[in-house]
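Listed below, chain by chain, are the residues.
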Amino acid sequence: MMVKLKSIGLFAASFVTGILASRKLHENDVSEKPENPLFFVGTWNYRTNDSRRIHTIEIRPNFDLLIDNRPIKAKVENWDKYTITFLDSYGYHIRIRANDERPVSIYDETENETYPILRGNYKVTK
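An account of the accompanying structure is given in this report. (Residues numbered from 1 in each chain as written. Predicted model: local features only at pLDDT ≥ 70, side-chain atom pairs only at ≥ 80, totals over all residues. Heavy atoms only, no water.)

### A short note on the nonpolar core
Alright, step 1. Ile57, Ile59, Phe86, Ile94, Ile96 and Ile106 are the most contacted members of the largest nonpolar core, which has 16 residues in total.
Alright, step 2. Elements that contribute at least two residues to this core include exactly strand 1 (42-47), strand 2 (54-59), strand 3 (65-67), strand 6 (83-88), strand 7 (93-98) and strand 9 (113-123).
Alright, step 3. No other element matches the 3 residues that strand 7 contributes to this core.
Alright, step 4. When residues no more than four places from it in sequence are discounted, the contact partners of Ile94 are Ile57, Leu65, Ile67, Ile72, Ile84, Thr85, Phe86, Ile106 and Tyr107. (Core = buried A, V, L, I, M, F, W, Y, C linked by side-chain atoms within 4.5 Å. Buried < 20%, exposed > 50% of the residue type's maximum accessible area, 1.4 Å probe, protein only. Helix = DSSP H or I, 4+ residues; strand = E, 2+ residues; numbered from the N terminus. Contact = heavy atoms within 4.5 Å.)

Structure below.
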């Protein structure tokens, strides 16, 4: 009888330990909450590879997207600490990448090109 109680106790202790360890592992799997997407709000300039003309991209606080002061029908598809991705009405992506300080590049899927944001030529419009 004593052996049976020890076995049940050992089984219960192992079961509880397994549940607690599993819960702890899953807590570690949850990624850190991304930063606020308002970090990307602002106006920046960039130059395409085939043009000397400087273009402007603006992300407003309501996440309206404008390129060269023209509204682009697009919605935020996803974002994390370093990237915000818009999906336009034609199904193409516009992706803005950042470092810890500011957005640094724009990817335009329609052209399959990435353009650096011109340093010093941006303003935050929060």
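### A few points about the packing of aromatic side chains
Alright, step 1. Applying the stated criterion to the full structure yields 2 aromatic pairs.
Alright, step 2. Pairing Phe39 with Phe40 gives two aromatic rings, centres 5.4 Å apart and planes at 85°, and the pair type is edge-to-face.
Alright, step 3. Ring geometry for Tyr46 versus Tyr115: centroids 5.6 Å apart, planes at 25°, classification stacked. Separated by 69 residues along the polypeptide, Tyr46 in strand 1 and Tyr115 in strand 9 bring together distant segments of the chain.
Alright, step 4. The buried category is assigned to Tyr115, whose relative accessible area is 5%. (Phe/Tyr/Trp six-rings, centres within 6.5 Å; stacked < 30°, edge-to-face > 60°.)

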